Each structure stands twice: as structure tokens, then as C-alpha cells.
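The residues making up each chain are set out below.
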Amino acid sequence: AQKVTQAQTEISVVEKEDVTLDCVYETRDTTYYLFWYKQPPSGELVFLIRRNSFDEQNEISGRYSWNFQKSTSSFNFTITASQVVDSAVYFCALILNFNKFYFGSGTKLNVKP
Amino acid sequence: EAGVTQSPTHLIKTRGQQATLRCSPISGHTSVYWYQQALGLGLQFLLWYDEGEERNRGNFPPRFSGRQFPNYSSELNVNALELEDSALYLCASSFRTGGIDTQYFGPGTRLTVL
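The shown structure was predicted, so the numbers you read here are calculated from the model rather than taken from an experiment.

(A) Focus on the interface of chain A and chain B. Taken together, the contacts link 18 residues of chain A with 21 residues of chain B. Summed over both sides, the interface between chain A and chain B buries roughly 1,600 Å², with carbon and sulfur atoms accounting for 58% of that surface. Joining chain A to chain B, the criterion identifies zero salt bridges. Linking chain A with chain B are two residue pairs in polar contact (both at pLDDT 80 or more). Every element with two or more residues in the side of chain A that touches chain B is listed here: strand 5 (32-39), strand 6 (46-52), strand 10 (88-96) and strand 11 (100-103) of chain A. The leading source of residues in the side of chain A that touches chain B is strand 5 of chain A, at four residues. Residue classes in the side of chain A that touches chain B are distributed as 10 nonpolar, five polar and three charged.

(B) View of the state of the cysteines. In this structure the tally under the stated criterion is two disulfides over all chains. At a sulfur-sulfur separation of 1.9 Å, the disulfide partner of A:Cys23 is A:Cys92. Linking A:Cys23 and A:Cys92, the disulfide has an S-S dihedral of approximately -65° and is accordingly described as left-handed. Taken as a pair, A:Cys23 in the loop between strand 3 (19-21) and strand 4 (24-25) and A:Cys92 in strand 10 lie far apart in primary sequence, 69 residues in all. A residue is classified by how much of its surface remains accessible, and A:Cys92, at 0% relative accessible area, is buried. Through a disulfide, B:Cys23 is tied to B:Cys91; the S-S separation comes to 1.8 Å. Judged by the sign of its S-S torsion, about -60°, the bond between B:Cys23 and B:Cys91 is left-handed. Remark: B:Cys91 occurs in strand 9 (residues 87-94) and B:Cys23 occurs in strand 3 (residues 19-24); sequence separation between them is 68 residues. We note that B:Cys23, like B:Cys91, is buried.

(C) Seen up close, the environment of A:Val24. Residues and elements named next belong to chain A. Here Val 24 is to be found in strand 4. In this structure the C-alpha to C-alpha distance between Val 24 and Asp 86, which are 62 residues apart in sequence, comes to 21 Å. Not counting residues within four places of it along the chain, the set of residues in contact with Val 24 comprises Lys 3, Val 4, Thr 5, Thr 72, Ser 73 and Ser 74.

(D) Region of interest: the packing of aromatic side chains. Across all of its chains, the model carries 23 aromatic pairs over all chains by this definition. Relative to B:Trp48, the ring of B:Tyr33 has its centre 5.8 Å away and its plane inclined at 10°; by these criteria the two rings are stacked. Separated by 15 residues along the polypeptide, B:Tyr33 in strand 4 (residues 31-37) and B:Trp48 in strand 5 (residues 43-50) bring together distant segments of the chain. Here B:Tyr33 and B:Trp48 have matching classes, each one buried. Among the aromatic residues, ring-to-ring pairing joins A:Phe35, A:Tyr37, A:Phe47, A:Phe101, A:Phe103, B:Tyr33, B:Tyr35, B:Phe45, B:Trp48, B:Tyr104 and B:Phe105 into one connected group. Above the ring of A:Tyr102, the side-chain terminus of A:Lys3 is found at 5.9 Å from the ring centroid.

Rules used throughout
- As a convention, each chain's residues are numbered from 1 in the sequence order in which they are written.
- Here every chain gets a letter starting at A, and every ligand a number starting at 1, in the order they are written.
- Since the coordinates come from a predicted model, pLDDT governs what is reported: local features require at least 70, and pairs of side-chain atoms require 80 or more to be given and counted, while whole-chain, interface and lining totals use all residues.
- As a convention, hydrogens and water are excluded, and side-chain values are obtained from all of the structure's heavy atoms.
- Note on definitions: a residue-residue contact is assigned when non-hydrogen atoms from the two residues lie within 4.5 Å.
- Values labelled buried area give the accessible surface lost by two parts on being combined, using a 1.4 Å probe and summing over both.
- Definition used for salt bridges: Asp or Glu carboxyl oxygen within 4 Å of a side-chain nitrogen of Lys or Arg.
- Here a polar contact means two N or O atoms within 3.5 Å. Within protein one must be a hydrogen donor candidate and the other an acceptor candidate, and residues neighboring in sequence count only if both atoms are side-chain atoms.
- Numbered from the N terminus, helices here are DSSP runs of H or I no shorter than four residues, and strands are runs of E no shorter than two.
- Think of it as three bins: nonpolar holds Ala, Val, Leu, Ile, Met, Phe, Trp, Tyr, Cys and Pro, charged holds Asp, Glu, Lys and Arg, and polar takes everything else, Gly as well.
- The rule for a disulfide is simple: a pair of cysteine sulfur atoms within 2.5 Å.
- Burial status follows relative accessibility: with a 1.4 Å probe on protein chains alone, a residue under 20% of its type maximum counts as buried, one over 50% as exposed, and anything between as partly exposed.
- Each Phe, Tyr or Trp ring, with Trp reduced to its six-membered ring, pairs with another whose centre is within 6.5 Å; inter-plane angles below 30 degrees give stacked pairs, above 60 give edge-to-face pairs, and intermediate values give tilted ones.
- Geometrically, a lysine NZ or arginine CZ counts as sitting over a ring once it is within 6 Å of the ring centre and also within 35 degrees of the ring normal.

See below:
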């Protein structure tokens with residue numbers, strides 16, 4: 001069964017638009033970790049954020065913000081005022097039991113000038 | 001500080017051959033993880049090594065194996081290559097074991113099986 005679902009395969013926006021990337025996860029564990037990674041065309045995944053299951057506070061980092069809602073098992077990622085450099089594939093990941101690692105299939109974001 | 005490094009960048013093999021991929025973690029990191037990223041798919045967890053021991057493996061056949069050396073670098077071996085093994089193989093490292101700490105990824109090895 002899919003543990004992490006990123007239903008949006010590809011999204012295209014025009015520069016300066018806001019965009020939200022969805023991530024829905026599945027687990028019955030009470031302790032788990034969630035991550036977002038960015039994979040630019042160069043291929044190397046870049047860490048963006050880590051959240052543990054006990055910390056439901058939303059976070060903002062510059063133009064990036066994350067909305068963690070345990071009630072809906074979602075950990076969505078919003079880019080405000082998108083830029084061309086934001087074009088990449090974004091992955092949501094779930095760590096269970098400290099030894100099981102699940103990644104979503106990724107959302108490809110195209111930001112056009 | 002140097003990031004995770006992987007070699008080779010590209011590897012071309014024929015079906016039935018063996019492939020060896022290498023990974024050097026960030027200095028001070030003891031855990032190494034291997035993932036397969038096939039075209040159009042997300043990352044699939046392959047193997048996790050920490051302190052020289054295999055801690056966990058994903059749902060892959062035994063012909064995918066590896067090891068971790070005393071200096072924490074790691075090798076991934078794929079025996080009896082099949083066409084569907086063609087993928088980007090990513091290595092990651094972390095400071096502490098398991099999901100407690102963030103995994104930092106290398107640039108990957110692109111394996112092509114002909």
C-alpha cells in the first residue's frame with residue numbers, strides 16, 4: 001500500500017504565482033518523521049525540512065511554508081511568489097520505526113517566466 | 001565540507017553482468033542509505049548500513065547487496081543485471097542512525113543495462 005501519496009504528478013505555474021504541493025501519508029504509528037526534498041535537474045536531492053509527528057506547528061522559511069495536519073495525514077508545501085529556480089521535482093518522505101523509509105513519487109514543478 | 005560523493009557518475013552494463021556502485025558519506029556520518037530511482041517512479045529504499053552492519057533492506061531481490069567499510073564508505077552490488085535495473089541509484093548519509101537525523105544525498109549513479 002502506498003505510504004506516501006503525491007497526487008500531483010506535474011504542476012506548471014507562471015513566475016510569482018503561489019503554488020502548493022500536496023503530500024498525504026499513511027501510518028498508524030504515533031512516532032514518525034516527515035521530510036520534503038527538492039531534486040533540481042542536476043539530480044542531487046536537497047533537504048528542505050524535517051518534521052516529527054509530535055510537532056504540528058507550521059513553519060515558514062522565506063518563500064517556503066509547510067502545513068502539517070495530523071487530522072488529515074497531510075504535510076503540504078507552499079511556495080509563495082514562485083521563481084524559475086524553483087523548477088524541480090519535489091519529494092515528500094515518511095520515516096517509520098526509525099528504519100523504514102518511504103518516498104512519494106514526486107511532483108514536478110515547472111515555473112515559467 | 002564535502003558532501004556525499006558517488007562513483008561512477010554513469011555506468012553501462014549488459015544484461016547478466018554485475019555492477020558495483022560506490023558511495024562516500026559526509027565526514028562524521030556513520031549511516032549510509034541506498035535508493036533506486038527508476039524513470040517516472042519515486043525513490044525506492046534499497047539498503048541501510050550503519051557502523052558496518054546492514055540495518056534494514058527494502059523489497060528487492062537478494063541480487064541487490066552491499067557492504068559498508070570501516071571508513072563508513074559503502075558499495076552497492078547488483079548481480080545478474082536485468083533491463084529493469086536501469087535507474088538512478090542514490091546514496092544518502094546521516095549523522096545518527098535511522099530516521100532520527102536528516103539524510104543528505106549524493107548526485108547519484110546512472111546505471112544503464114543494455
